[in-house]
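Chain residues, written in single-letter form:
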Amino acid sequence: MILYKTEEEIELIKQSANILSQVHGEVAKHVAEGVTTLKLDSVAEEFIRDNGGSPSFKGYNGFKHSLCISLNSAVVHGIPSKYALQSGDVVSIDCGVFFQGFHSDSAYTHAVGEVAPEVSELLRRTKESLYKGIELAVVGSRIGDIGFAIQSHVEQYGYGVVRELVGHGLGRSLHEGPEVPNYGKRGQGMKLQEGLVIAIEPMVNLGSRHVVQENDGWTIRTRDKKPSAHFEHTIVVRKGKAEILTTFDYIDKALN
């Protein structure tokens, strides 16, 4: 079901998204060699709860943590653990916040220490593709326009776009309609209307697009075990220009 949001509802999602963006900034301060992914998870949960929210992911279909933390060849849905980050790792942090009855959702992929140049380039191009997709999330465009913008940007560099996992609508539920693929054809799919809140989230692999699920029942990994990147914003479809509700500004401040 497609649930368009009123301006009052969008304002509440903005408040959720502001907490979420700050969470990412707090976590970014701790992304360093020797830090365990469980530590990152605890930092996130403490900040969310201290600010009156609750973690969207914790308890979702039995998931036990506040963050999905996906390392290197893991694409998404990685489980926090006692693993200590090492130089050369890439770590995707995916987080959701539930606040005042509404969810927000955002993801960012970090480089730990010195990573290979081709991996650094993968992160840069995937992040670029997120904003290419957002540019098309305007009234009158179609879902396929967003996917085409993302796919065409990253495939020119030889990367693989994951097909099995997609962006989504969100609001009172973490996952609502419509699905927002990171691939597609221009002019196809649902026409976008004012007040549609969606999470756009390119998942892009250094190698092929193919993925497998780990035995833990959650982690999705590249089949060829090459690195993957994941960036995500919660946005509102508007006339002329999409409104981005989450921000990476707190991450940038932490990293700089």
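Residues numbered from 1 in each chain as written. Predicted model: local features only at pLDDT ≥ 70, side-chain atom pairs only at ≥ 80, totals over all residues. Heavy atoms only, no water.

Peer 1: Describe the pattern of salt bridges, with residues and values.
Peer 2: In a structure, side chains of opposite charge can pair up when their charged atoms sit close to one another. Summed over all chains, the structure comprises 14 salt bridges. Among the ionic pairs, Glu121 bridges to Arg124, the shortest N-O distance being 3.1 Å. Here the residue Glu121 and the residue Arg124 both occupy positions in helix 3 (residues 117-135), the gap between them amounting to three residues, near one helical turn. Overall, Glu121 belongs to the partly exposed group, its relative accessible area being 26%. Between Glu121 and Arg125 there is a salt bridge, with the nearest N and O atoms lying 3.0 Å from each other. Of this pair, Glu121 and Arg125 both sit in helix 3, separated by four residues, roughly a single helical turn. For Arg125, a relative accessible area of 13% translates into the label buried. Connected through salt bridges with shared partners, the residues Glu7, Lys14, Glu194, Arg238 and Glu243 form a single ionic network. (Salt bridge = Lys/Arg side-chain N within 4 Å of Asp/Glu carboxyl O. Helix = DSSP H or I, 4+ residues; strand = E, 2+ residues; numbered from the N terminus. Buried < 20%, exposed > 50% of the residue type's maximum accessible area, 1.4 Å probe, protein only.)

Peer 1: Kindly report on the sheet that holds strand 12 (residues 220-222), identifying the contributing residues and their values.
Peer 2: Taken in spatial order, the three strands line up as 3-12-11 in an open sheet, and their pairing is antiparallel. Taken across any chain shown, the strands that pair with only one partner, and hence form the sheet edges, are strand 3 (74-76) and strand 11 (211-213). Sheet twist, expressed as the mean angle between neighbouring strand axes with direction ignored, is 40°. Of the pairings in the sheet, the one linking strand 11 to strand 12 comprises three bridges and is antiparallel in character. Residue Val212 lies in a different strand from strand 12, and its bridge partner there is Arg221. (Pairing = 2+ DSSP bridges. Axes fitted to C-alpha atoms, helices over the stretch in contact; angles between N-to-C directions.)

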